[in-house]
Amino acid sequence: MLRKASFILGNQVRLNAVSLCRPFASAPGAAGKQEKWDLYAGVLVERLPIVSKELNALEKDFQEYLWRVEFEKSLKSDSEIQHERDLKQAELLKKGQIDLDEAASKQTAQDLKDAYTEELNKFEKAPRTTADDKTNNVLSTNRCLDDKLYLLVEQAVGSKKHFLLPQGPRLEGETMRQAAERIVREKCGEQLDLLFYGNAPCGFYKYKYPAAVRDQSVGAKVFFFRASLKNGNVDKNISKNFAWMQKDALGSKLSNERYVESVQKFLV
């Protein structure tokens, strides 16, 4: 009786195991049919801030406080010590205890301070805003000096044109980093002097091609690399429609919401 019960229980366990595994089994021929995606490299080109941002009221108060504490705890500088010596020498000169010619031949700390103050008064600060700021010239990198600017280039996707980060397909035999460098040259010209941050992508996005052009591949998988602008600008003979945009203004040029979300993830 016990042997018969064990046999029935074993069969039930095997049937349960088969029924659990069946939903995970692939249908005949499904494993051989896979979607093909093209590999693309994209580049986030950023122009870093040139000047620091203006301090707000709280930051200015805190800065004044730090300067005051530093001044109170600091030792006297060489100039201050020299100035005290000059004052003592002037007192000795009044009493006739030193020679007038000897005192007149020396340049005092106060003389140096007056010369530096006069030079400082002649100094004029460069404006924080430029002519390109006033005209909102998005083709120029000489604007928004206290903020980052990101490069967008108009490119064809299917039958339509869109503003995107510079991107293009990887060629056979290229690494993704090599493809990214080549694509920037092809889309923007040789005038851009860039510093790439590394060999690993910083972001990812994929999209499907329109059904009419979906011949061999379903769509594209784009791996983005990051690079900073050292010098130069886009060659207008190669790309006439481009823009250097601030982070908050990217949405006004980028039409696809999913693309904007993907790009915003790796912006810093």
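The structure this text deals with has already been given above.
Remember, it's a predicted structure, so these values are computed and weren't measured experimentally.

**Q** Tell me about the layout of surface pockets, and please be specific about residues and values.
**A** Approximately 350 Å³ is the volume found for the largest pocket. Taken together, 18 residues form the lining of the largest pocket, with Val157, His162, Tyr205, Tyr207 and Asn256 sitting closest to its centre. Of all the secondary-structure elements, those providing two or more residues to the lining of the largest pocket are strand 3 (160-164), strand 6 (203-208) and helix 8 (257-265). Examining the composition of the lining of the largest pocket, we find that 4 residues originate from one element, strand 3, more than from any other. When grouped by side-chain class, the residues that make up the lining of the largest pocket number 9 nonpolar, 6 polar and 3 charged. Of the voids in this model, the second largest pocket is the one considered here, and its volume is about 160 Å³. As for the second largest pocket, its lining consists of 13 residues, of which Tyr40, Ala156, Gln167, Lys187 and Tyr207 are closest to the centre.

**Q** An account of the environment of Phe163 is requested, with residue identities and associated values reported.
**A** Here Phe163 lies in strand 3. Note: C-alpha distance between Phe163 and Lys253 (90 residues apart in sequence) is 6.1 Å. Setting aside residues no more than four positions away along its own chain, Phe163 makes contact with Leu152, Val153, Glu154, Asn241, Phe242, Ala243, Lys253 and Leu254.

**Q** Any chance you could break down helix 8 for me, citing the residues and the numbers?
**A** The complete set of buried residues in helix 8 reads Tyr259, Val260, Ser262 and Val263. Burial along helix 8 is one-sided: seen end-on, the buried residues are contained in an arc of 165°. Exposed positions of helix 8 whose direction lies more than 90 degrees from the buried face are Glu257, Glu261 and Lys265. At its buried positions, helix 8 is contacted by strand 3, strand 4 (167-169), strand 6 and strand 7 (219-231). Where helix 8 begins, one side-chain oxygen reaches toward the backbone nitrogen of Arg258, 2.9 Å away; that side chain belongs to Asn256.

**Q** Quick rundown of the packing of aromatic side chains? Include the residues and the values.
**A** Under the counting rule described, the total for this entry stands at 7 aromatic pairs. Plain terms: the ring middles of Tyr207 and Tyr209 are 6.1 Å apart, the flat faces sit at 70° to each other, and that makes the pair edge-to-face. The buried category is assigned to Tyr209, whose relative accessible area is 13%. Pairwise contacts between aromatic rings join Tyr205, Tyr207, Tyr209, Phe224, Tyr259 and Phe266 into one cluster. For Lys206, the ring lying beneath its charged end belongs to Trp37, and the centroid distance is 5.1 Å. The ring of Phe163 has Lys253 lying over it, and the distance from NZ or CZ to the ring centre is 4.7 Å.

What counts and how
- Residues numbered from 1 in each chain as written.
- Predicted model: local features only at pLDDT ≥ 70, side-chain atom pairs only at ≥ 80, totals over all residues.
- Heavy atoms only, no water.
- 1 Å grid on protein atoms, 1.4 Å probe; cavity = no way out; pocket = protein on both sides within 12 Å on 5 of 7 lines; lining within 4 Å.
- Points joined across faces, edges and corners; volume = space filled by probe spheres on them.
- Helix = DSSP H or I, 4+ residues; strand = E, 2+ residues; numbered from the N terminus.
- Nonpolar A, V, L, I, M, F, W, Y, C, P; charged D, E, K, R; others polar.
- Contact = heavy atoms within 4.5 Å.
- Buried < 20%, exposed > 50% of the residue type's maximum accessible area, 1.4 Å probe, protein only.
- Arc of directions from axis to C-beta.
- Polar contact = N/O pair within 3.5 Å; in protein donor to acceptor, adjacent residues only side chain to side chain.
- Phe/Tyr/Trp six-rings, centres within 6.5 Å; stacked < 30°, edge-to-face > 60°.
- Lys NZ or Arg CZ within 6 Å of the ring centre and 35° of its normal.

None of this, on its own, says anything about what the molecule does.
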